[in-house]
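# Residue-level structure breakdown
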Amino acid sequence: QVQLVESGGDLVQTGGALRLSCAASGRIFSANSMAWFRQAPGKEREFVATINYSGNTYYSDSVKGRFTISRDNAKNTVYLQMNDVKPEDTAVYYCAARARSGGGLYKISYHYDYWGQGTQVTISS
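The following paragraphs examine the structure supplied in this document. None of the values given here were measured: they were computed from a predicted structure.

Take the pairing of strand β4 (residues 34-39) next. The buried fraction of β4 is high, at five of six residues. Note that β4 and strand β5 (residues 46-51) share five bridges and pair antiparallel. Residue pairing in the sheet places Trp36 in a bridge with Ala49 of β5. Hairpin geometry of β4 and β5 is characterised by an intervening segment of six residues between the two adjacent antiparallel strands and by a positive phi of about 75 degrees at Gly42. Sheet analysis places β4 next to strand β9 (residues 91-97), joined by six bridges and oriented antiparallel.

Structure follows, in structure tokens:
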């Protein structure tokens, strides 16, 4: 059974920084693409960033240049470093993983098979 557990969500002021973590357990990780999505109140879940097993990354336009996704395969953990945060970054952030190994970078949620429970990020203005 694969489990993803997010942590690091908090209340932060505009312009501040935050780092989210996603710890993976089970028969997954090093060979699988991982991603972060977010969902704000009243809005659909949206793609934030993804990383493959080689460390290649892809970001949404809204976070490019401010957020950085990374992974530590030895710790089975994916991170999302959030810098220069804005009120529109307020959302529940979800970690996702693909069941199939491979190097693809996917921004559509149906490509991901496992999801965490989410962690709340609130940015105050």
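Moving on, we get to the sheet that holds strand β8 (residues 77-82). Strand order in the open sheet formed by four strands is β1-β3-β8-β7, and the pairing between neighbours is antiparallel. The strands lining the two open edges of the sheet, one partner per strand, are β1 (3-7) and β7 (67-72). Shown here is a sheet whose adjacent strand axes are inclined to one another by a mean of 15 degrees, direction ignored. With six bridges joining them, strand β3 (residues 18-25) and β8 adopt antiparallel strand pairing. Directly across from Arg19, in β8, lies its bridge partner Gln81.

What follows is about the nonpolar core. Of all hydrophobic cores here, the largest spans 26 residues; its most connected members are Trp36, Leu80, Met82 and Tyr93. Put simply, the parts of the chain that give this core at least two residues each are β3, β4, β5, β7, β8, β9 and β11 (119-124).

A separate point is the side chain of Ser33. With respect to the element layout, Ser33 can be found in the loop between β3 and β4. Among the polar contacts made by the side chain of Ser33, one reaches the main-chain carbonyl oxygen of Gly104 at a distance of 2.5 Å. Among residues more than four places away in sequence, those in contact with Ser33 are Ile51, Asn52, Arg71, Ala96, Ala97, Arg98, Gly102, Gly103, Gly104 and Tyr112.

Turning next to the packing of aromatic side chains. According to the stated counting rule, one finds five aromatic pairs in the structure shown. With centroids separated by 5.6 Å and ring planes inclined at 75 degrees, the aromatic side chains of Phe37 and Tyr112 adopt a geometry described as edge-to-face. Of this pair, Phe37 sits in strand β4 while Tyr112 sits in the loop between β9 and β10 (114-115), and the two are 75 residues apart along the sequence. Across the pair, Tyr112 and Phe37 agree in class, each one buried. Where Phe47 meets Tyr58, the ring centres are 5.8 Å apart and the plane angle is 25 degrees; that geometry is what we call stacked. Taken together, the residues Phe47 in strand β5 and Tyr58 in strand β6 (residues 57-59) connect sequence positions eleven residues apart. Look at Tyr58 and you get partly exposed, because its relative accessible area is 35%. Three or more aromatic residues joined by ring pairs form one cluster here, namely Phe37, Phe47, Tyr58, Tyr112 and Trp115. Of note, Arg45 hangs over the ring of Tyr94, and the distance from its end group to the ring centre comes to 3.9 Å.

The rules behind each value
Residues numbered from 1 in each chain as written. Predicted model: local features only at pLDDT ≥ 70, side-chain atom pairs only at ≥ 80, totals over all residues. Heavy atoms only, no water. Buried < 20%, exposed > 50% of the residue type's maximum accessible area, 1.4 Å probe, protein only. Helix = DSSP H or I, 4+ residues; strand = E, 2+ residues; numbered from the N terminus. Pairing = 2+ DSSP bridges. Axes fitted to C-alpha atoms, helices over the stretch in contact; angles between N-to-C directions. Core = buried A, V, L, I, M, F, W, Y, C linked by side-chain atoms within 4.5 Å. Polar contact = N/O pair within 3.5 Å; in protein donor to acceptor, adjacent residues only side chain to side chain. Contact = heavy atoms within 4.5 Å. Phe/Tyr/Trp six-rings, centres within 6.5 Å; stacked < 30°, edge-to-face > 60°. Lys NZ or Arg CZ within 6 Å of the ring centre and 35° of its normal.

These values are about where atoms sit, not about what they do.
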